[in-house]
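# Report on the structure
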Amino acid sequence: MLYLTRREVFSASHRLYNEKYTDEENEKIFGKCSNPSGHGHNYVLEVVVAGEADHETGYVVDLKILKEIIDKHVLKKVDHKNLNVDVDFLKGINPTVENIAIGIWNQLEDKIPRGRLYSVKVKETENNFVEYKGRNEIEFR
Ligand code: NI
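A few points on the structure. Everything quoted here is computed from the prediction, not taken from an experiment.

## Quick look at the packing of aromatic side chains
- Applying the stated criterion across every chain, the model contains three aromatic pairs.
- Ring geometry for Tyr 3 versus Tyr 118: centroids 4.6 Å apart, planes at 65°, classification edge-to-face. In this pair, Tyr 3 sits in strand 1 (residues 2-14) while Tyr 118 sits in strand 4 (residues 116-123), placing the two residues 115 residues apart along the sequence.
- For Tyr 3, a relative accessible area of 45% puts it in the partly exposed group.
- Between Arg 15 and the ring centre of Tyr 17, over which it is positioned, the NZ or CZ distance is 4.4 Å.

Here is the structure:
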């Protein structure tokens, strides 16, 4: 099994909060990330596709095609956007790094033309990142 990674970067703003809580409670839970007028991050996204190399091309999946898919279904929607209001697949969702990774997984899962989506890693800062492998980790024989 081969695990092929495409790395992308995007910049976006967000505010972490739960509308059920007051500003003070949100501040207590989410700290600086709950600043009412938002703040930004330079995110790093790593999309990993698992599969076997094609006998003729040697590819797990054509990286040019994978890049176009990520561009169309993720980057065009999130880059230089406000994640709380501008992004269809995050509507009504608190844009934590966890929820961003789940949202991106859901955008990509059924669009990978060869192999299978194995993981989506989103890095919000040098020190904080998350990796999502779907609801049930895929088993390979
Ligand atoms: Ni933040």
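## Quick look at the coordination of the nickel ion
- Around the nickel ion, the protein contributes the donor atoms His 14 (NE2), His 39 (NE2) and His 41 (NE2), at 2.1 Å from the metal centre.
- Note on His 41: relative accessible area 12%, which makes it buried.

## Comments concerning the nonpolar core
- Formed by 29 residues in total, the largest nonpolar core has its most connected members in Leu 45, Ile 70, Leu 83, Ile 104, Leu 108, Val 120 and Val 122.
- Elements that contribute at least two residues to this core include exactly strand 1, strand 2 (39-51), helix 2 (63-78), helix 3 (97-108) and strand 4.
- Non-local contacts of Ile 104, meaning those with residues more than four positions away in its chain, are made with Leu 45, Val 74, Phe 89, Val 120 and Val 122.

Conventions used here
Along each chain, numbering runs from 1 in the same order as the chain's sequence is written. Per-residue local features of the predicted model are confined to residues with pLDDT of at least 70, and side-chain atom pairs are confined, for both listing and counting, to 80 or more; whole-chain, interface and lining totals are unaffected and use all residues. Derived side-chain values reflect all non-hydrogen atoms in the structure, with water molecules and hydrogen atoms excluded from consideration. Two rings from Phe, Tyr or Trp (for Trp, the six-membered ring) form a pair when their centres are within 6.5 Å of each other. A pair whose planes differ by under 30 degrees is stacked, one over 60 is edge-to-face, and the rest are tilted. Secondary structure elements are taken from DSSP: a helix is a run of H or I of four residues or more, a strand is a run of E of two residues or more, and numbering for both begins at the N terminus. For every residue, the accessible area obtained with a 1.4 Å probe (protein chains only) is divided by the maximum for its type, and the residue is called buried under 20%, exposed over 50%, and partly exposed between those limits. Here, a charge over a ring is recorded when the distance from Lys NZ or Arg CZ to the ring centre is within 6 Å and its angle to the ring normal is within 35 degrees. Donors, by definition, are the N, O and S atoms found within 2.8 Å of a metal, the threshold being 3.2 Å for Na, K and Ca, and water is not counted, so a site can look incomplete. Only buried Ala, Val, Leu, Ile, Met, Phe, Trp, Tyr and Cys residues count toward a nonpolar core, and they belong to the same one when joined by side-chain atoms within 4.5 Å. Should any heavy atoms of two residues lie within 4.5 Å, those residues are considered in contact.

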